[in-house]
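# Topology and contacts: notes
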Amino acid sequence: MASLDKPPVATTTVKWRFPAVHSEGYKFVAISAGITLLLTIVWNVLFWPMVGVTIWVAAFFRDPIRTTPQGAGLIVAPADGLITMIERVPVPRELDGPNGLSEGPLTRVSIFMSVFDVHINRTPIAGTVRQVVYVAGKFLNADLDKASEENERQYFVVEGHDGRRVGFTQIAGLVARRILGFVKAGDIVAGGQRIGLIRFGSRVDVFLPEDCVCQVALGQRSIAGETVLARVGGTAVTGVAQ
């Protein structure tokens with residue numbers, strides 16, 4: 001008889017599959033497909049270009065499965081995209097207060113999402129959502145620094161099980177016209193859980209706790225729910241473009 005103390009044998013394999021389309025994108029895919037059909041009836045030369053547009057709309061709302069690293073003191077990226085800014089900045093007033101972040105400058109990591117990136121955003125840590133603040137605003141290029149203060153945006157604060165709080169902001173971009181949140185204050189979230197999306201190009205800023213060290217470099221690409229953005233302690237990383 002086999003010993004019950006032996007660890008189980010891993011038999012599961014991982015295979016690639018097409019990402020699902022998030023439910024928020026169904027109506028946009030349907031609208032695009034309807035326009036494709038209508039234009040094809042009127043002028044069939046537009047069929048293939050509009051099929052391409054419909055495929056792009058479906059791809060924009062793709063919602064792939066992500067494997068989130070587990071471990072104490074890890075902060076994962078909330079968005080797919082390009083790391084465009086890493087700098088010390090004052091804490092936004094929307095993230096202040098008893099349910100917000102600590103006073104004083106914090107390191108802000110900015111992730112720019114092009115219209116070709118996955119736009120489902122995920123929470124950087126597991127814990128309790130302490131604060132959600134929506135602010136209406138402009139639609140400047142999300143790559144500009146002032147977009148964090150002038151564009152439409154939504155702020156989140158999540159308090160981890162260790163008491164650390166991480167703030168992050170969804171920022172609408174030049175093309176984006178709607179920010180959606182899937183969670184509210186008081187919700188319990190798992191690390192890497194889906195918390196919202198931004199339609200059609202945007203940016204996400206993450207404000208790191210004082211004792212956390214950035215683990216990404218400028219110009220690096222992050223994967224939401226998978227890339228380790230920062231960790232407690234350790235040494236900051238540098239990067240070389242090549």
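Report on the accompanying structure. (Residues numbered from 1 in each chain as written. Predicted model: local features only at pLDDT ≥ 70, side-chain atom pairs only at ≥ 80, totals over all residues. Heavy atoms only, no water.)

### Some words on the overall build of the chain
Scanning the chain from terminus to terminus reveals three helices and 16 strands. Here the contacts in the chain between residues at least 6 apart in sequence split such that 71% fall between residues at least 24 apart. (Helix = DSSP H or I, 4+ residues; strand = E, 2+ residues; numbered from the N terminus. Contact = heavy atoms within 4.5 Å.)

### Regarding the pattern of salt bridges
Applying the stated rule across the entire model yields 15 salt bridges. In this structure, Arg221 engages Asp117 in a salt bridge whose closest nitrogen and oxygen atoms are separated by 2.3 Å. In this pair, Arg221 is assigned in strand 15 (residues 221-222) and Asp117 in the loop between strand 5 (106-113) and strand 6 (120-122), connecting sequence segments 104 residues apart. Judged by its relative accessible area of 48%, Arg221 is partly exposed. Under the relative-accessibility criterion, Asp117 is labelled buried at 8%. Within the structure, one salt-bridge network assembled from shared partners comprises Glu87, Arg108, Arg203 and Asp205. (Salt bridge = Lys/Arg side-chain N within 4 Å of Asp/Glu carboxyl O. Buried < 20%, exposed > 50% of the residue type's maximum accessible area, 1.4 Å probe, protein only.)

### Brief notes about a nonpolar patch on the surface
A cluster of nonpolar side chains, namely Leu37, Leu38, Ile41, Val42, Trp43 and Val45, defines an oily patch on the protein surface of about 690 Å² accessible area. A relative accessible area of 65% places Val42 in the exposed class. (Patch = residues over 30% accessible without salt bridge, like charges linked within 9 Å, V, L, I, M, F, W, Y side chains within 5 Å. Areas by Shrake-Rupley, 256 points an atom, 1.4 Å probe, with all protein chains shown as cover.)

### Section: the pairing of strand 9 (residues 165-172)
The element strand 9 is largely enclosed, with a buried count of seven among its eight residues. Direction of pairing for strand 8 (residues 153-159) relative to strand 9: antiparallel, over a ladder of seven bridges. Residue pairing for strand 9: Arg153 is matched across the bridge by Ile171. The antiparallel pairing of strand 8 with strand 9 creates a hairpin that spans five residues between the two strands, and Gly163 there sits at a positive phi of about 90°. As paired strands, strand 9 and strand 13 (residues 202-207) are joined by six bridges and run antiparallel to one another. Bridge pairing in strand 13 places Ala172 opposite Ser202. (Pairing = 2+ DSSP bridges.)

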